[in-house]
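Fold and geometry: a report
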Amino acid sequence: MCINEFIYAGVCLAKFASGFNTQALGSTDKKGNDYFGMFQISDDYCKKGSKKSCGASCTDLVSDNILPSATCALNIFQKEGFAYWPAWKNNCKDIDVSRFIDRCDIKPK
């Protein structure tokens, strides 16, 4: 997957996971995990000392500064792919996700 495809899919994920709400707090799941931020990242990834830690605190994931959330999401994607997120599997997996930013001009630096 090239960087543009990752961005397209990430925007789709953010739309369906949280409605682009950077301060979204998800419900506790059956395993007792809580979910944080725009990408709805499990506290498995933001707890200090977790083997899965993405390097961001759970508090960092509910900030208007999306860099920690995006960095954490990329880390999760590299380990587990987008299949980690039910919002992606249920809404983005089988569609042309480029439509979410078709009016944006994304150019690599």
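Throughout, a residue's number is its position along its own chain's written sequence, starting from 1. Note on the predicted model: pLDDT of at least 70 is required for a residue's local features to be given, and 80 or more for side-chain atom pairs to be given and counted; whole-chain, interface and lining totals, by contrast, use all residues. Only hydrogens and water are set aside when side-chain values are computed; all heavy atoms of the structure are taken into account.

**Regarding the side chain of Gln-40**
Heads up, the rule is: Where helices and strands are cited, they refer to DSSP runs of H or I of at least four residues and of E of at least two residues respectively, numbered from the N terminus. Only protein chains enter the calculation, and the probe is 1.4 Å; a residue is then buried if its accessible area is under 20% of its type maximum, exposed if over 50%, and partly exposed in between. We call two residues in contact when some of their heavy atoms are within 4.5 Å.
Relative to the assigned elements, Gln-40 resides in the loop between strand E1 (35-36) and strand E2 (41-42). Take Gln-40: its relative accessible area is 13%, and that puts it in the buried class. When sequence neighbours within four positions are dropped, the list of residues in contact with Gln-40 reads Ala-17, Ala-24, Leu-25, Gly-26, Tyr-35 and Trp-85.

**Some points on the UniProt feature "domain: Glycosyl hydrolases family 22 (GH22)" (unreviewed entry) in the chain**
Using the following cut-off: UniProt positions are given in the numbering used here, feature names are shortened, and annotations may be inferred rather than shown by experiment.
Summarizing the sequence annotation, UniProt attributes the feature "domain: Glycosyl hydrolases family 22 (GH22)" (unreviewed entry) to residues 54-72 in the numbering used throughout. Measuring from the first to the last C-alpha atom of residues 54-72 gives 5 Å, for a span that is 32% helix and 0% strand.

**A few points about the state of the cysteines**
Which entries qualify depends on this criterion: Cysteine sulfur atoms that pair up within 2.5 Å are treated as a disulfide.
The tally for this structure, following the rule as stated, stands at 3 disulfides. With a sulfur-sulfur separation of 1.9 Å, Cys-46 is cross-linked through a disulfide to Cys-58. With the S-S dihedral at roughly 85 degrees, the linkage between Cys-46 and Cys-58 falls on the right-handed side. Taken together, the residues span a long stretch of sequence, with Cys-46 in helix H2 (residues 43-46) and Cys-58 in the loop between H2 and helix H3 (67-80) at a distance of 12 residues. One exposure class covers both Cys-46 and Cys-58, and it is buried. Between the sulfur of Cys-54 and that of Cys-72 lies a disulfide, 2.0 Å long from S to S. With the S-S bond torsion at -95 degrees, the cross-link from Cys-54 to Cys-72 turns out left-handed. Here Cys-54, found in the loop between H2 and H3, pairs with Cys-72, found in helix H3; they are 18 residues apart in sequence, far enough to count as distant. Accessibility assignment for this pair places Cys-54 and Cys-72 in one class, buried. Sequential numbering of the bridged cysteines in the chain gives the disulfide pattern 1-6, 2-4, 3-5.

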